[in-house]
Amino acid sequence: MDAQMKKGILEMCLLHELSESDRYGYELMQKMKQYFPEVNESSFYVILRRLHKEKYTDIYYGTSSDGPRRKYYHITEEGKAYLAKAVSDWRTIKSIVRSLGIP
Amino acid sequence: MNTKKTFLMRLKFFMSCRFRLREIRDTLDDFNGFFEEGIREGKTEGELCLSFGSPWEIVRQMSAGKRRISLHMLLALLAAAVCGACLWRMAASPYTLQAPSFFFCIPVLAAGAALLFADGGILFQMEPPETFSFLRPALWRLASLVLAGSLLLFCQKGPQWIAASAEPSAAGPLAGGACHLFAACGAALALYSAYAFFHGHPASFGLALLGMGVLCSSYAMQDFLHRLDALASSPSYPLFPCVLGIFLSLLCNGALLAFTGKNLTVLRHTKRRG
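A quick note: this is a predicted structure, and the numbers were derived from the prediction, not measured. (Residues numbered from 1 in each chain as written. Chains lettered and ligands numbered in written order. Predicted model: local features only at pLDDT ≥ 70, side-chain atom pairs only at ≥ 80, totals over all residues.)

Regarding the overall build of chain A
Rules: What counts as a helix is a DSSP run of H or I of at least four residues, what counts as a strand is a run of E of at least two, and both are numbered from the N terminus. Partly exposed residues are those falling between the two cut-offs: more than 12 but fewer than 20 other C-beta atoms within 10 Å of their own, whereas 20 or more means buried and 12 or fewer means exposed, with C-beta atoms placed from the backbone. A pair of residues counts as a contact when their C-beta atoms, built from backbone coordinates, are separated by no more than 7 Å.
The number of helices and strands found in chain A is 4 helices and 3 strands. Sequence-ordered secondary structure for chain A, helices as α and strands as β, is α-β-α-α-β-β-α. Expressed as a percentage of the 103 residues in chain A, the buried residues total 25%. Taking all contacts inside chain A whose residues are at least 6 apart in sequence as the whole, residues at least 24 apart take part in 46%.

Here you go:
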């Protein structure tokens, strides 16, 4: 897949995951890996890092009962707005591609 | 050799030129956490390294969209270049610094090359071959050994050089004190280089190198004092190049200090976490 296209799609998927519930980094990486087995795990980390830098996510620390201190990511209002825009762009592209006759 | 330790070390190495300390710390903390989680799930360090991919690739992706040459690298390369030039000038000066002083240039130039290697890999989008990751600590050890050797030579020869270069009028208590100070500094730094040898890490080597830079600029200062004396006796002596030389060497030592100081903090941080 083209790098630019992949980047946009992965960003959208990651933000969508976060909009459903807060997650910690490792969990998110493992989950995304199931859907995109050919993408390297650390690529998700790099995207997550960039999303945080753009202030689309917040970070807070939580502890599990038996585990280490975990860094949780939470989607911000800016993030939600960005996600909504990304989804609508995606829908537009999808409908254009469909109308061209590509199933 | 795919262990958590080497993975984090390589990650830090490639990040050290391009990112701020806070960013490096955060990233190292994050990956440390991922390793902990993975190990709790029963995976081995080797498997985890494989799934995270190469540290070089991670840093390359992270630095996408950044300026291509980091300011840090420019400063450090300038430092290495001017230190080398300063040493060369000393070697060519009339104050009887002989050919062995070329020997001092080797570690300084090695540091410049190492920086080019760390940052240039990202800059030129070329991943250093995997074999270099085995060689690298060995390279640092070799460089620190050369540094230790040249410093020992320096503390043996340096006082003689100063004594020989002193004008009869200046060869008073000042020159004598400077000689002892030089010898002591050189010996301490040689010891530190030996420590760097066991560590095999760029940060510790960098610090020893920094010490040598300071020693050189104090030599330049000494040289300056002599020139002032000479100026008093014959007004045609070139003062300006000498002052410029001292200024540049102090500036570059500052840059080297910033670079090594930062690396050292990162090094301490990882040691505590690891």
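Describing the overall build of chain B
Summing up its helical and strand segments, chain B has 10 helices and 0 strands in all. Mapped in sequence order, the helices and strands of chain B form the string α-α-α-α-α-α-α-α-α-α. The proportion of buried residues among the 274 residues of chain B is 37%. Sequence-distant contacts in chain B: of pairs separated by 6 or more residues, those separated by 24 or more amount to 78%.

Looking at the confidence of the model for chain A
Using the following cut-off: pLDDT is a residue-level measure of predictor confidence that goes from 0 to 100.
Within chain A, residue pLDDT values average 88, and 95% of them lie at 70 or more. When mean pLDDT is taken per element in chain A, helix α4 (residues 77-99) of chain A scores highest with 93 and strand β2 (residues 57-63) of chain A scores lowest with 87.

Considerations on the interface of chain A and chain B
Just so we agree on the cut-off: Only Asp, Glu, Lys and Arg are considered charged, only Ala, Val, Leu, Ile, Met, Phe, Trp, Tyr, Cys and Pro nonpolar, and every remaining residue, Gly among them, polar.
Chain A puts 12 residues into the contact, and the matching count from chain B is 12 residues. Sorting the residues of the side of chain A that touches chain B by element identifies α2 (25-35) and α3 (41-53) of chain A as the ones contributing at least two each. Element by element, the count of residues in the side of chain A that touches chain B is highest for α3(A), at 6 residues. Of the residues contributing to the side of chain A that touches chain B, the split by class is 4 nonpolar, 5 polar and 3 charged.

Here we look at the packing of α2(A) against α3(A)
Residues and elements named next belong to chain A. Inclusion rule: Angles run from 0 to 180 degrees between N-to-C directions of axes, and those axes are lines fitted to C-alpha atoms, restricted for helices to the stretch in contact. Roughly parallel means an angle under 35 degrees; roughly antiparallel, over 145; roughly perpendicular, 65 to 115; everything else is oblique. Note on convention: the crossing is left-handed when the near helix lies turned anticlockwise from the far helix by less than a right angle, right-handed when the turn is clockwise.
Between α2 and α3, the least distance of the axes is 9 Å, while the angle of their chain directions is 125 degrees. Here α2 is positioned oblique relative to α3, judged by the angle of their axes. Here α2 and α3 pass one another in a crossing that is right-handed. Across the interface between the two elements, G25, L28, M29, M32 and K33 from α2 touch E41, F44, Y45 and L48 from α3. Within the contact of α2 with α3, the residues separate by chemical class into 6 nonpolar, 1 polar and 2 charged.

Considering the pairing of strand β3 (residues 69-75) of chain A
All names here are of chain A. Note the following rule: Two strands form a pair only when DSSP identifies at least two bridges running between them.
For strand β1 (residues 23-24) and β3, the ladder comprises 2 bridges, and the chain directions are antiparallel. Residue Y24 lies in a different strand from β3, and its bridge partner there is Y72. Sheet topology places β2 next to β3; 7 bridges connect them, and they run antiparallel. Paired with T63 across the two strands is R69, which belongs to β3.

Thoughts on the nonpolar core
Spelled out, the test is: Remark: nonpolar core denotes a set of buried Ala, Val, Leu, Ile, Met, Phe, Trp, Tyr and Cys residues whose joining runs through C-beta atoms within 7 Å.
Core analysis: the largest hydrophobic core is formed by 37 residues, its most contacted members being L14(A), L15(A), L28(A), F44(A), I47(A), L48(A) and L11(B). Put simply, the parts of the chain that give this core at least two residues each are α1 (3-20), α2, α3 and β3 of chain A together with α1 (4-15), α2 (21-40), α3 (45-52) and α4 (55-62) of chain B. In contact with L15(A), other than residues within four places in its own chain, are L51(A), Y56(A), I75(A), G79(A), Y82(A) and L83(A).

As for the sheet that holds β3(A)
Strand order in the open sheet made by the 3 strands is β1-β3-β2 (chain A), with antiparallel pairing throughout. Strand pairing shows two members of the sheet lacking a second neighbour, β1 and β2 of chain A, which therefore form its edges.

Quick look at unusual backbone geometry
Phi at K55(A) is positive, roughly 65 degrees, even though this residue is not glycine. Looking at where K55(A) falls in the secondary structure, it is placed in the loop between α3 and β2.

Remarks on the packing of α1(B) against α4(B)
All names here are of chain B. Running from amino to carboxyl end, α1 crosses α4 at an angle of 35 degrees, the nearest separation of the two axes being 9 Å. Here α1 runs over α4; the crossing is right-handed. Every residue of α4 that contacts α1 at F7, R10, L11, F14 and M15 is listed here: P55, W56, I58 and V59. When its residues are assigned to classes, the contact of α1 with α4 shows 8 nonpolar, no polar and 1 charged.

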